Amino acid sequence: MSHMIRSISGVRGIVGADQSWTPTLVANHIIAFTQLLESSHYNQNQKKIVVGRDSRVSGPWFEMITNGSLISRGYQVIHIDIASTPTVQYMVEKTKSSGGIVITSSHNPIEWNGLKFIGPDGLFIAPKECEILFSMADKPEEFKFCGYDQLGKIEKCIDANQQHVGAILSLPFLDISKIKERRFKVCLDSVNGAGGPIMSYLLTQLNCEVIGINLETTGLFAHTPEPVPSNLGQLCEMVIKYKADFGIAVDPDVDRCVFIDEHGKPLGEEYTLAMAVELVLGDCGRRGNVCKNLSSSRAIDDICKKYESRVICAPVGEIQVAKKMQQVNAVIGGEGNGGVMLPDIHIGRDAPVAATLALQLMANRHSQASTISKLKETLPTYEIVKLKAGIEGLDPDSILAEYTSQFINKPDVVINQEDGLKIDSQDWWVHLRKSNTEHIIRVIAEAKSVKEATDIATKFIQEIESKRK
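Note that the structure is predicted; figures quoted are calculated from it, not measured.

1. Here we look at the nonpolar core
(1) Moving on: Membership of the largest hydrophobic core comes to 83 residues, with the highest contact counts inside it found for Met199, Ile248, Phe259, Ile332, Leu357 and Leu359.
(2) Moving on: Ile30, Phe62, Val77 and Ala137 belong to the second largest nonpolar core, which has 26 residues in total.

In structure tokens, the structure reads:
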């Protein structure tokens, strides 16, 4: 299992010649999940689980083993086929299921696949429960199965996307008619993941003209699937070619959403959450706590200060932000990677929600900011640079300890060790941490200019690389 990554983001690994995933490993994790749900940690006895997957080529065999394992344990499987991760989360709550399973490796490359586990509250299972699940999965000799007369069954659900979108468009604080009046022309890139059907349906319902690329759910990703600027060249070109109002890109499991402006320039993934917070606090007049992760932009802090709301930070990872949102009863939250979390729908990153909130803000502010680039100019301006270093030959814990000793007594900085190490000064910050989803160390820096942020991030990455053995 050397190539497997087991973390608060679930389990993921490589499928192929040098494989980490085997059918047995898939079954072991699925069966362990059912045992966890039935244990005192969740006390679920209705034996009903929602299962969905992204479009990866290995998805069908993962799905068959997942469904078969659940049936062998006496579970009713609500099968929604290719679907977004947030759709599965929404449907778990809607159907009052024991939990949910998403077969996806999110933004990882095509040779990867994985499993995300969702509790009865629609949230990913918490870190403590993840460890218990992984321990159970490593003890298959303790598994128990049902007899022939107690086996489960599959119930197909063909309208999960429509139910999810319908809930979003029914939010009482939105003015959907105003969005429809704008008749936005949108270029959409779903990288041949699960997002083509639901994002196209959503935008059509909002009266948008949709020009799609890579919408087919083939799982043969047209480009590296993470929706960052270096992977979105084709979408940028399409926006210019078709004179679109903006472009939208989502990742394969549709929990992250990023925008391209009318000039074919990436808006920056941090601004997806910024637009959502600006809408909820500003236009909708809601007040309360807002949660973000430690790697997210200060733009959120500035917007919250303007509207007399409080920002509360959590470690990186959707479940970490979600749990914090529950604790403080947040009105909105998210992560600076294009993930927006709106409790009114469910507390999870949701690209359809993010897109709808952004379109509402654009429609509302059209008279003051006629384009998305002009709208961005009205928001706090920061530049963020995200670099990474492969973990091989490095001792991340030792590196972080060295930096902690170096900065802990400096009067002009504040350090946070909840998740790796964040060094926060008046004019810039940098966050160093081991990734939950890749074998890398992330170095994320933010400042007022691209040069300053780049210089800071590069300095730290070069120092880290110098320690490689």
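2. Considering helix α15 (residues 450-465)
(1) Moving on: Taking 1.5 Å as the rise per residue, α15 with 16 residues should run 22 Å; its terminal C-alpha atoms sit 22 Å apart, in good agreement.
(2) Moving on: For α15, the complete set of buried residues consists of Ala453, Ile456, Ala457, Phe460, Ile461 and Ile464. End-on, the buried residues of α15 take up no more than an arc of 125 degrees, which puts them together on one face. α15 presents Lys451 and Gln462 as exposed residues on the side facing more than 90 degrees away from its buried surface.

3. Details of the sheet that holds strand β8 (residues 185-189)
(1) Moving on: Strand order in the open sheet made by the four strands is β9-β8-β10-β11, with mixed pairing throughout. Strands with a single pairing partner mark the edges of an open sheet, and in this sheet they are β9 (209-213) and β11 (257-260). Strand-to-strand twist in this sheet, taken as the mean axis angle between neighbours without regard to direction, amounts to 25 degrees.
(2) Moving on: Taken together, the five bridges between β8 and β9 define a ladder with parallel strand orientation. Bridging from a neighbouring strand, Val186 pairs with Val210 of β9.

4. Quick look at the sheet that holds strand β2 (residues 10-14)
(1) Moving on: Taken in spatial order, the seven strands of this open sheet run β1-β2-β6-β5-β3-β4-β7, and their pairing is mixed. Edge positions in the sheet fall to β1 (5-7) and β7 (153-156), since each has one partner strand and no second. Looking at each pair of strands side by side, their axes are set apart by 20 degrees on average, direction ignored.
(2) Moving on: Bridging between strand β3 (residues 48-53) and strand β4 (residues 76-82) involves five bridges; their strand directions are parallel. Within the sheet, the bridge partner assigned to Arg53 lies in β4 and is Ile82.

Calculation notes
- Residues numbered from 1 in each chain as written.
- Predicted model: local features only at pLDDT ≥ 70, side-chain atom pairs only at ≥ 80, totals over all residues.
- Heavy atoms only, no water.
- Core = buried A, V, L, I, M, F, W, Y, C linked by side-chain atoms within 4.5 Å.
- Buried < 20%, exposed > 50% of the residue type's maximum accessible area, 1.4 Å probe, protein only.
- Helix = DSSP H or I, 4+ residues; strand = E, 2+ residues; numbered from the N terminus.
- Expected span 1.5 Å × (residues − 1).
- Arc of directions from axis to C-beta.
- Pairing = 2+ DSSP bridges.
- Axes fitted to C-alpha atoms, helices over the stretch in contact; angles between N-to-C directions.

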